[in-house]
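Read off the chains here:
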Amino acid sequence: LMKSIEASLNGGTNKMQNTLCVWFNAWRYEREEHLATVALLKTIAFAMQGHERFDNIAKIIFKGLTVLGKDVKQKMLLDALDRKSGVIEEIDRSELFFNDLEKRSIYFEGINEIRKEMQKIRQIENSKDFRVVVFIDDLDRCSSKKALEVLESIKVFLDIEGFVYVVGLSHKTVIKLIMQAYSQTG
């Protein structure tokens, strides 16, 4: 069914078409630590990369996912301490750098930048038909925790005009997954 929907949306493989179809097989990334926040967004960004209309959004997503781990931050701070002179200034500069990266992440300003870029695409082209359709398959094969993580990550993009999600799943299986995940909380 999802392949039929994609075929009717595409009508060809022209890079200038109005709809960009993206496939995300949730089960393939079951073992990833941050399935929804990284693998799903990277899949979308890789599909957009090089596309005439959506390439800027891909860049925003990739920038938004660039959050350095505390290991890198700690190493930079230790390097500053080794140099001794100007340590406080170096630590302050490093802290500002990391704060700026965090601010541009998908969790803060990144999502607004994606929204603005998508609005710009739809206004410049004078058409509300430009959209990104993300097909999510095999969600019902994931653990309850991962299935919910994918659904929660989709929620972040649901209010951005131009993003559409088609989720292929067994309704009964997903109900069981959700009930398992929330059984402890009642």
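Residues numbered from 1 in each chain as written. Predicted model: local features only at pLDDT ≥ 70, side-chain atom pairs only at ≥ 80, totals over all residues. Heavy atoms only, no water.

Trainee: Would you take a moment to explain the packing of aromatic side chains for this structure?
Mentor: Here the distance between the centres and the angle between the planes together describe a pair of aromatic rings. If you walk through the whole model with that rule in mind, you get two aromatic pairs. Ring plane angle 15° and centroid distance 4.7 Å describe the contact between Trp23 and Phe135, whose orientation is recorded as stacked. Placement of Trp23 in strand E1 (residues 19-25) and of Phe135 in strand E2 (residues 131-137) is noted, with a sequence separation of 112 residues between them. On the basis of relative accessibility, which here comes to 0%, the residue Phe135 falls in the buried class. Plain terms: the ring middles of Phe46 and Phe62 are 5.1 Å apart, the flat faces sit at 55° to each other, and that makes the pair tilted. Taken as a pair, Phe46 in helix H2 (residues 35-48) and Phe62 in helix H3 (residues 55-64) lie far apart in primary sequence, 16 residues in all. Overall, the relative accessible area of 24% leaves Phe62 in the partly exposed class. (Phe/Tyr/Trp six-rings, centres within 6.5 Å; stacked < 30°, edge-to-face > 60°. Helix = DSSP H or I, 4+ residues; strand = E, 2+ residues; numbered from the N terminus. Buried < 20%, exposed > 50% of the residue type's maximum accessible area, 1.4 Å probe, protein only.)

Trainee: I would appreciate a short explanation of the nonpolar core in the present structure.
Mentor: As a rule of thumb, nonpolar side chains are buried together in soluble globular proteins. Within the largest apolar cluster, 34 residues are counted, with the highest numbers of intra-cluster contacts made by Ile44, Met48, Ile114, Ile136 and Phe163. At the level of secondary structure, the elements contributing two or more residues to this core comprise E1, H2, H3, helix H6 (106-124), E2, helix H7 (144-157) and strand E3 (163-167). Among the elements that take part in this core, H2 stands out by supplying six residues, more than any other. Non-local contacts of Phe163, meaning those with residues more than four positions away in its chain, are made with Ile44, Met48, Ile114, Met118, Val132 and Phe157. (Core = buried A, V, L, I, M, F, W, Y, C linked by side-chain atoms within 4.5 Å. Contact = heavy atoms within 4.5 Å.)

Trainee: Can you walk me through the environment of Phe62 in this structure?
Mentor: C-alpha of Phe62 to C-alpha of Ile106: the two residues are 44 residues apart in sequence and 8.9 Å apart in space. Contact partners of Phe62, with chain neighbours within four places excluded, come to Lys42, Ala45, Phe46 and Gln49.

Trainee: It is not clear to me how unusual backbone geometry should be interpreted in this structure. Could you clarify?
Mentor: Trans peptide bonds make up most of the peptide bonds, and negative phi angles are found at most residues other than glycine. Even without being glycine, Asp138 reaches a positive phi, approximately 60°. Inspection of the secondary structure puts Asp138 in the loop between E2 and H7.

Trainee: Please explain the sheet that holds E1 as it appears in this structure.
Mentor: Backbone hydrogen bonds are what pair the strands of a sheet, in a parallel or an antiparallel way. Here three strands make up an open sheet; going across it, the order is E1-E2-E3 and the pairing parallel. The open sheet terminates on both sides in strands that have one partner only, identified here as E1 and E3. Each strand axis lies, on average, 20° off the axis of its neighbour in the sheet, ignoring direction. In this fold H7 packs onto E1, E2 and E3, with an angle of close to 155° to the strand it touches most, E3. (Pairing = 2+ DSSP bridges. Axes fitted to C-alpha atoms, helices over the stretch in contact; angles between N-to-C directions.)

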